[in-house]
Amino acid sequence: MTQRFLLLFCLVASFPIWSQVGTGSPYSFGGLGETNYRGNHWTRAMGGLEFYTDSIHVDFNNPASLSSLKMTNFSIGVDYRNTTLKENQNSQAITTSSLNYMGISIPTKYFGFNFGLLPYSSVGYRLEYRDSEEETTEIQRYEGNGGVNMAFASLGFKLHKWWSVGATVRYGFGNITHRSSQLIENVDRTTFLESNSSLSGVSYKFSTLLKIPLGQQRLHLYSAFAPEATLYSQNAEVFTTLSTGTSSVGQQLIVDLAASGLDETVMILPQNLTFGFGIGRIKKWFVGGQYQSTATSDFRNDFITLGGLSYEDGDKLSFGGFYIPNYSSLTEYWKRIVYRVGFHSQTTGIRVQGSSLTDRGIAFGVGLPALRLGIFSNANLGVTLGSRSTPDPSLVKENYWHVKLGFSLNDLWFIKRKYN
């Protein structure tokens, strides 16, 4: 089992996670792109609650959850997204799919630790504006792609049987490219401006969790803090002139960014503070709520400036829970299924033409257990329905649905056999 575990991780790790397109949202032009939820799918199905813990699951958003782990765990998650963009009477459907996360978590006698990869943000947009005059039609086109990924390592342990703490260190890396062009009808020359940022930097997160017994129930009190961090950006900018209808490289002019001090810039990953509260019964049910505040107003990008775009502090409110009819049923499989539901409402921190961009959605999911030779593993399937919009009816509204599939595979490592 251990050999197959490691083989699966190596095969997945060989996939080009940094080349995926995880979004088709026009609002991904802001900041570092559309920020991805960095937890696991089983928590996403509860609205994004990140503080419920048990012995066979780990939430990558909450390093303190490692203190409860009893088995070595390999987690991987993928999703399929369908987004419908609506503007006035026009609509367009966009589909994307991506690898959401992968990681290995290992318990020891005194602490638990893990490591893995996950996408932090995704950029993937194409905007086009047409200006028709009496004699000519002018098309302005804006495109972007790329994103930031995170390699992470976490440690969690118990200070007391009720009190757990944990810390995560993350190394962010990636490339973001913005491209703008202007096409004029009956003019056979087109000029493109391509701006590329190569990003890297280190960030941290700390969390603590209290699980206080109340009879057969447990009260969960959670807090987490991610301090402000810096991403260093190596920048390049190129003007390219092409003849219309050709794809070959034309004349190029490399912009001297060093002269303006823009060849190397910094971006700020904003400070994040999270509080959670919940109550539940082990292996039976759980309900909780969570509030998250992000200092997005501190974000800046000196290299790329976009008109009509500004930033404000963001926040997110989540509610959710789960129910298990009968965890120990041996005859009726459906009674061992974990049924999950959740809701989230978020102010993203992006303002478009003075209007705040918000994101609201509901989620449903199931945990499908598998029991083989005493090794507990499960598949977590979830669906999220939501919308992203601003109060301005003239701006694009996004309606989306996501299907998410994650696997949580468990095995016993480092256990000395007493019998052969």
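Just above sits the structure.
Residues numbered from 1 in each chain as written. Predicted model: local features only at pLDDT ≥ 70, side-chain atom pairs only at ≥ 80, totals over all residues. Heavy atoms only, no water.

Digging into the overall build of the protein chain
Moving on, step 1. Scanning the protein chain from terminus to terminus reveals two helices and 19 strands.
Moving on, step 2. Considering only intrachain contacts with a sequence separation of at least 6, the fraction spanning at least 24 residues in the protein chain is 65%.
Moving on, step 3. For the protein chain, the exposed area adds up to about 21,000 Å²; of that, 57% sits on carbon and sulfur atoms. (Helix = DSSP H or I, 4+ residues; strand = E, 2+ residues; numbered from the N terminus. Contact = heavy atoms within 4.5 Å. Areas by Shrake-Rupley, 256 points an atom, 1.4 Å probe, with all protein chains shown as cover.)

Things to note about the nonpolar core
Moving on, step 1. Counting 30 residues, the largest nonpolar core has Tyr 27, Leu 32 and Leu 269 as the members making the most contacts within it.
Moving on, step 2. At five residues, strand S4 (residues 112–132) tops the list of elements feeding residues into this core.
Moving on, step 3. When sequence neighbours within four positions are dropped, the list of residues in contact with Tyr 27 reads Ile 350, Val 352, Leu 357, Arg 388, Thr 390, Leu 395, Val 396 and Glu 398.
Moving on, step 4. If you look at the next biggest cluster of nonpolar residues, it comprises 13 residues, including Leu 49, Phe 51, Ala 64 and Ala 224. (Core = buried A, V, L, I, M, F, W, Y, C linked by side-chain atoms within 4.5 Å. Buried < 20%, exposed > 50% of the residue type's maximum accessible area, 1.4 Å probe, protein only.)

Considering the pairing of strand S12 (residues 272–281)
Moving on, step 1. Going residue by residue along S12, you find Asn 272, Thr 274, Gly 276, Gly 278 and Gly 280 tucked away on one face and Leu 273, Phe 275, Phe 277, Ile 279 and Arg 281 left uncovered on the opposite face.
Moving on, step 2. Here strand S8 (residues 217–226) pairs with S12 via 10 bridges, running antiparallel. From the neighbouring strand, Ser 223 faces S12, where its bridge partner is Phe 275.
Moving on, step 3. Between S12 and strand S13 (residues 285–294), which pair antiparallel in sequence order, lie three residues; one of them, Lys 283, sits at a positive phi of approximately 60 degrees. (Pairing = 2+ DSSP bridges.)

Looking at the pattern of salt bridges
Moving on, step 1. In the structure shown here, the tally under the stated rule is 11 salt bridges.
Moving on, step 2. A salt bridge links Asp 79 to Lys 404, with the nearest nitrogen and oxygen atoms 2.9 Å apart. Within this pair, whereas Asp 79 is found in strand S2 (residues 72–87), its partner Lys 404 is found in strand S19 (residues 397–411), the two being separated by 325 residues in sequence.
Moving on, step 3. According to the relative accessible area criterion, Asp 79 is buried, its value standing at 4%.
Moving on, step 4. Residue Arg 388 pairs with Glu 398 through a salt bridge whose shortest N-O separation is 2.4 Å. In this pair, Arg 388 is assigned in strand S18 (residues 375–389) and Glu 398 in strand S19, connecting sequence segments 10 residues apart.
Moving on, step 5. Three or more residues joined by partner-sharing salt bridges are found here, namely Glu 34, Asp 79, Arg 81, Asp 359, Arg 388, Glu 398 and Lys 404. (Salt bridge = Lys/Arg side-chain N within 4 Å of Asp/Glu carboxyl O.)

Quick word on the environment of Thr 168
Moving on, step 1. In this structure, Thr 168 sits in strand S6 (residues 163–184).
Moving on, step 2. Taking the C-alpha atoms as reference points, Thr 168 and Asn 114, 54 residues apart in sequence, are found 9.2 Å from one another.
Moving on, step 3. Ignoring anything within four residues of it in the chain, the contact list for Thr 168 reads Pro 63, Phe 152, Ala 153, Ser 154, Ser 203, Tyr 204 and Lys 205.

Focus: the environment of Ser 154
Moving on, step 1. Relative to the helices and strands, Ser 154 resides in strand S5 (residues 137–160).
Moving on, step 2. Given the relative accessible area of 6%, Ser 154 is considered buried.
Moving on, step 3. Along the primary structure Ser 154 and Ala 64 are separated by 90 residues, whereas in three dimensions their C-alpha atoms are 8.8 Å apart.
Moving on, step 4. If we skip the residues at most four places from it in the chain, Ser 154 touches Pro 63, Leu 66, Gly 112, Phe 113, Asn 114, Ala 167 and Thr 168.
Moving on, step 5. In terms of polar contacts, Ser 154 uses its side chain to reach the side chain of Thr 168, at 2.6 Å. (Polar contact = N/O pair within 3.5 Å; in protein donor to acceptor, adjacent residues only side chain to side chain.)

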